[in-house]
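# Architecture and fold: a report
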Amino acid sequence: MKNKEVRPVRVGESPDFDAWFTAFFLKNSLDPFAYPTKVGSKEQIEFMVYPENGERYFPCSDKMFEAIMSRKYPRFLKNRYQQVFDRIMGMIDELIDSEYDNKFLKALIKIKYDDDIQTGLLIPSRLEKKLYKIFLSRTHIENPYSEDKNAVNKKIKNFIDSDTMEKALNQIDDSLQTIKDLSLFEIREKIKEIEFQRRLTLITQNSLGALKNSEIPSLSKIKKIFKTPIKGDGLSPLLALVKARKQKILWLADESCEVIIDLTIAKFLADLGHAVIFAVKEAPIFKKVCLADTRTDPVLVKILENAHFIHEKTISKNNLVKLLKHDKNIYVVSDGTMENLNLLLVSTTFSRIFKEVDCVISRGKTQKERLIDSHFRFTQNIINISLDKNQLLITYKPKHPGFIKFSHKALEEKANEIIDQMESAKKKGMTVMFYSGIIGSIPGKIDVAKKIMSTFIDYLHKRSSDLFIINPSFYYEPGMDADDLMYMWEIVQRSSYIDIWRFQTSDDIGKSFSLMNKKVPPEWIGKDSTYSTGCTIEMRIAQEVQKENPEMQLIGPSLDKFMRRNEYGVGSMYDQRLADS
């Protein structure tokens, strides 16, 4: 889909503009340096957003960003602020009966609102979240629209499960007019396609206009719904999923009134063999479907009774790949936020899922603005399903062609190639050594680290005969991140072919610089494998491997020195001192 050309933001050209640009992130509490525990790192964002021209990602539409950066406080921005204010005021009138509490809350919200919009730097969805949280904290209402959402979901579920709907779905009508020249296989594929497209058109009924007083629409009305026009360039990629082999699909849910129909479509895809990860909000925000709804709404509880809930906020690639290999086909995960889609604030787990899936299906107009209409490109193919008046609009944005993805299958193949080399060396009577050392733990020094490791391994080769040493630095390829490498190496390390597992010491590093006729630079003085998160994780694996293979030798720094490192900074090749709490 073609988007309006947007000039990439380039910092360093105008101090005044750069200050306003920085203030934009600070005002919206989206600066990773000011809020390192809440805002995703550059590496984590690049799991989802493909980096181009060093540009910094912002979580709003291009039109909104340009309005804010213009510093002219245009009518468009004022109107969006006003819409947020009116929505909060409407919620107060709807839910707060006490005259005193009603007036107090309105006055408090107005004070906060006037203060927050003065500069025109705040993204309206961030303003909405701030005001909404004030309402929650003052009223102690955990999920303000839970009853409304439950009631709507019950109506839609009754509609979906009705005999009339079943009859409408199964009627052929004029759908198979060209059956004569089709094979049985093609007919089966065509039937799947017809049912899938019919289920898609039900999305247009999310307004529930047809379900007032809990009445089920007539057969003729449902058949008319099935003929709803579908616009956009996304239908073909979406229908391709019906014919494709097993795919991992991330489904970004939106409004609660849409969730039942969304789940029927997701279940249809799951029944075809696909794995669908259904992403909801971490906490309530108006009527968007959230994690609490999946636990308290009887209709959702029943629909999702066999789904697998991913509760970890910082799941590793290894555990995620293992999880998605399970027999389950429907998964539920929180995106980690309570606002419109904001990739700067999503959880580590959500980021990793985004990177690992084969396709992202997003729902609603706001997600379309932020994913499809945005000039930013992403690491996955994006399909958006939304409404355009009474028509269904399905749009598509392909992933950036420059994005390199190593599937778990490709990484497993690379691991097995290395294992074959180890097995061959063992058959020749050679001793197999695995050498673990610093590669990316010092930011910006990967090339130096690889040179240090290779120089020392060459030294070991010259000193020893019949020694096969695995040099991890040889196997790094552009596009690989720490997750990819750890996944591949763990397969190799658990192969049972390692005789000696050597962990880099500071003496090893010193010897390497000596062999290169260089002094040890300050950043390398005293460093050893205990400085590396990867090596720390590998030491834990080594201990487990040694229990199964007591003859394997462990050489390197003492075990107690490895405990200062715990987890990678998400997606990065360098360390994060503490895992997210």
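What you are looking at is a predicted structure, and each value in this text was computed from that prediction instead of being measured. (Residues numbered from 1 in each chain as written. Predicted model: local features only at pLDDT ≥ 70, side-chain atom pairs only at ≥ 80, totals over all residues. Heavy atoms only, no water.)

### Looking at the sheet that holds strand 12 (residues 553–555)
Ordered by their spatial adjacency, 4 strands build an open sheet running 10-9-11-12, and the pairing between neighbours is parallel. Across the chains shown, the open sheet's two edge strands, defined by having one partner strand only, are strand 10 (467–470) and strand 12. Strand-to-strand, the axes of this sheet are offset by a mean angle of 20°, without reference to chain direction. With 3 bridges joining them, strand 11 (residues 500–503) and strand 12 adopt parallel strand pairing. Paired with I500 across the bridge in strand 12 is Q553. Each of strand 9 (431–436) and strand 10 touches helix 18 (residues 408–427); the most contacted strand, strand 10, lies at about 165° to it. Strands strand 9, strand 11 and strand 12 of the sheet are contacted by helix 22 (residues 533–548), whose axis makes an angle of about 155° with strand 11. (Pairing = 2+ DSSP bridges. Helix = DSSP H or I, 4+ residues; strand = E, 2+ residues; numbered from the N terminus. Axes fitted to C-alpha atoms, helices over the stretch in contact; angles between N-to-C directions. Contact = heavy atoms within 4.5 Å.)

### A look at the pattern of salt bridges
If the charged atoms of two oppositely charged side chains come close together, the side chains can form a pair. All told, the structure shown has 37 salt bridges when counted by the stated rule. Two residues, E305 and K302, come together in a salt bridge whose shortest N-O distance is 3.3 Å. Since its relative accessible area comes to 54%, K302 is described here as exposed. R494 serves as the salt-bridge partner of E544, at 2.6 Å between the closest nitrogen and oxygen. (Salt bridge = Lys/Arg side-chain N within 4 Å of Asp/Glu carboxyl O. Buried < 20%, exposed > 50% of the residue type's maximum accessible area, 1.4 Å probe, protein only.)

### A look at helix 12 (residues 256–271)
Relative to the 22 Å expected for 16 residues at 1.5 Å per residue, helix 12 spans 23 Å between its end C-alpha atoms, a close match to the ideal helical length. Where helix 12 bends most, at D262, the angle is about 25°. Along helix 12, 13 of the 16 residues are buried, which leaves the element largely enclosed by surrounding structure. G273 sits one or two positions beyond helix 12 and adopts a positive phi of about 110°. (Expected span 1.5 Å × (residues − 1). Bend = angle between axes of the 7 residues up to and from the residue.)

### A word on the packing of helix 15 (residues 317–324) against helix 20 (residues 482–493)
For the pair helix 15 and helix 20, interaxial distance at closest approach is 9 Å and the crossing angle is 70°. When the axes of helix 15 and helix 20 are compared, the pair comes out roughly perpendicular. Contact residues: K317, N318 and V321 in helix 15; D483, D484, M486, Y487 and E490 in helix 20. When the residues that make up the contact of helix 15 with helix 20 are grouped by side-chain class, the tally is 3 nonpolar, 1 polar and 4 charged. (Parallel < 35°, antiparallel > 145°, perpendicular 65-115°, else oblique. Nonpolar A, V, L, I, M, F, W, Y, C, P; charged D, E, K, R; others polar.)

### Regarding the environment of F406
Examined against the element boundaries, F406 turns out to sit in the loop between strand 8 (391–397) and helix 18. Taking the C-alpha atoms as reference points, F406 and D484, 78 residues apart in sequence, are found 7.2 Å from one another. Among residues more than four places away in sequence, those in contact with F406 are K317, L411, K414, E477, P478, G479, M480 and D484.

### Things to note about the sheet that holds strand 6 (residues 359–363)
Sheet strands pair via backbone hydrogen bonds, and the direction of the pair is either parallel or antiparallel. With mixed pairing, 8 strands are arranged side by side in an open sheet as 1-8-7-6-2-3-5-4. Every other strand in the sheet has two partners, leaving strand 1 (230–231) and strand 4 (308–310) as the edge strands with one partner each. Relative to strand 8, strand 1 is paired through 2 bridges, and the arrangement is parallel. Counted as the bridge partner of I230 is L392 from strand 8. Along the sheet, helix 16 (residues 348–356) contacts strand 2 (248–252), strand 3 (275–280), strand 4, strand 5 (330–334), strand 6 and strand 7 (382–388); its crossing angle with strand 2, the most-contacted strand, is approximately 130°.

### Considerations on the confidence of the model for the chain
Residue-level pLDDT values for the chain average 89, and 92% of them are 70 or greater. Ignoring residues within four places in sequence, the model shows residues 568–581, a span with pLDDT below 50, making 51 contacts including any to other chains. (pLDDT = per-residue confidence, 0-100.)

### A word on the nonpolar core
For soluble globular proteins, the rule of thumb is that nonpolar side chains tend to be buried together. Of all hydrophobic cores here, the largest spans 71 residues; its most connected members are F24, M48, L250, L343 and F350. Considering every element that reaches this core, the biggest residue donor is helix 4 (residues 75–95), with 8 residues. Those residues within four positions of L250 in sequence are excluded, and the remaining contacts are I277, A279, F350, I353, F354, V357, C359, V360 and I361. Formed by 47 residues, the second largest nonpolar core is a distinct cluster that contains L169, I203, I249 and A266. (Core = buried A, V, L, I, M, F, W, Y, C linked by side-chain atoms within 4.5 Å.)

### Looking at the side chain of Q367
With respect to the helices and strands, Q367 occurs in helix 17 (residues 365–372). Taking relative accessible area as the criterion, Q367 reaches 6% and is therefore assigned buried. Within the local environment of Q367, its side chain forms a polar contact with the backbone oxygen of A253, the two atoms lying 3.2 Å apart. A polar side-chain atom of Q367 sits 3.2 Å from the main-chain amide nitrogen of R363. (Polar contact = N/O pair within 3.5 Å; in protein donor to acceptor, adjacent residues only side chain to side chain.)

### Regarding the environment of K365
If you trace the backbone, K365 turns up in helix 17. Sequence separation of K365 and D254 is 111 residues, and the distance between their C-alpha atoms is 9.4 Å.

### Section: the side chain of T204
With respect to the element layout, T204 can be found in the loop between helix 9 (184–201) and helix 10 (219–226). A polar contact is formed between the side chain of T204 and the backbone oxygen of T201, at a distance of 2.7 Å. When residues no more than four places from it in sequence are discounted, the contact partners of T204 are I225, T228, L387, N390 and L392.

### Section: the packing of aromatic side chains
Counting across every chain of the model gives 21 aromatic pairs. Centroid distance F24 to F25: 5.1 Å. Interplanar angle 80°. Geometry classified as edge-to-face. Classification of F24 by relative accessible area gives buried; the value is 0%. Residue F25 is classed as buried on the basis of its relative accessible area of 1%. Pairing F24 with F65 gives two aromatic rings, centres 5.5 Å apart and planes at 80°, and the pair type is edge-to-face. One end of the pair, F24, is in helix 1 (residues 15–27); the other, F65, is in helix 3 (residues 62–69), and 41 residues separate them in sequence. Take F65: its relative accessible area is 6%, and that puts it in the buried class. Among the aromatic residues, those joined into a ring-pair cluster are F17, F21, F24, F25, Y57, F58, F65 and F376. In this structure, K78 is placed above the aromatic ring of Y73, and the distance from its NZ or CZ to the ring centre is 5.3 Å. (Phe/Tyr/Trp six-rings, centres within 6.5 Å; stacked < 30°, edge-to-face > 60°. Lys NZ or Arg CZ within 6 Å of the ring centre and 35° of its normal.)

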